[in-house]
Amino acid sequence: MTAPLVRTDELAHTYGSGLTAVVAVHGVTCEICAETRAVVTGRAGAGKTTLLHLLAGMKKPTAGTVDWPAFEPSPPGPDLVGLMLQDGGLLRDLDVRLNVALPLVLAGRTGTAVRDAVDGALELVGLAGFAKKAPRDLTGEQIRLAVLARALAPAPKLILADDPAGWLDQREGERLLGRLLGAADQLGAGLLVATAEEAPAGLFGERWGMVDGKLVRDR
């Protein structure tokens, strides 16, 4: 494998303090490289979402370390890590094109660079004909695809997807995961997917589990 995109050592994160403290992530040591195609499963509250947020640089660890040796600056910004959020996060007053463009605009990109990146991402997920649609006019599957396009638009080196198929039936979910894996291959990006459900057999090269904040790796 190539050098790691992100690397952790005894990573931990605790919410609160004292008797009310909740340990969400505990003692996680892992690496994600450009070739990584991994899924981490675990029940709700196991720490999967917190782990993704730590890997994305959105949260700071309360113990241990997380490093991004392949990124400059470090931690990387939203234009280098594609984060597919569990709740979607589409803004209902913006059409699909503007929603997908948002992380690019926040990263300071403008003009043709934004238009080309958005068009490419929508084409990649099969939503090229829905650019002017509002989120309320999309099906559940199309909403998740728009969220995926937004994560892919910056052509990230690392893709982190939190329960990407959680709203969907089995067929729609497998179709979305297939697009996600295909996009990671096309971009040459590392991929970690978190889900409370068992992922379809054979889709991912590595299968991890998370129990009470601890990561169990099983290739």
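All of the points below concern the structure found in this document. Here the structure is a predicted model, which is why all the values come from computation and not from measurement.

Here we take up the nonpolar core. Val100, Leu122, Leu180, Leu191, Val193 and Phe204 are the most contacted members of the largest nonpolar core, which has 40 residues in total. Where this core is concerned, the elements lending two or more residues are helix H2 (96-106), helix H3 (111-125), helix H4 (140-152), strand S6 (158-162), helix H5 (170-187) and strand S7 (190-195). Broken down by element, the residue count for this core peaks at eight residues, all from H4. Once residues lying within four places of it in the same chain are set aside, the contact partners of Leu191 are Ile32, Thr36, Arg37, Ala38, Ile159, Leu180, Leu181, Ala184 and Phe204. Cys30, Ala56, Trp68 and Leu160 belong to the second largest nonpolar core, which has 27 residues in total.

Attention now moves to the sheet that holds strand S1 (residues 6-15). Spatial strand order, S2-S1-S4: three strands in an open sheet with antiparallel pairing. The sheet is open, and its two edges are formed by strand S2 (22-32) and strand S4 (63-67), each paired on a single side. When strand polarity is set aside, the average angle formed by the axes of neighbouring strands in this sheet is 25°. Packed on one face of the sheet, helix H1 (residues 48-55) meets S1, S2 and S4 and runs near 125° to S1.

The buried count for H1 comes to seven of eight residues, which makes it a mostly enclosed element. Along H1, the residues that are buried comprise Lys48, Thr50, Leu51, Leu52, His53, Leu54 and Leu55.

Scoring rules and cut-offs
- Residues numbered from 1 in each chain as written.
- Predicted model: local features only at pLDDT ≥ 70, side-chain atom pairs only at ≥ 80, totals over all residues.
- Heavy atoms only, no water.
- Core = buried A, V, L, I, M, F, W, Y, C linked by side-chain atoms within 4.5 Å.
- Buried < 20%, exposed > 50% of the residue type's maximum accessible area, 1.4 Å probe, protein only.
- Helix = DSSP H or I, 4+ residues; strand = E, 2+ residues; numbered from the N terminus.
- Contact = heavy atoms within 4.5 Å.
- Pairing = 2+ DSSP bridges.
- Axes fitted to C-alpha atoms, helices over the stretch in contact; angles between N-to-C directions.

By themselves these figures say nothing about function.
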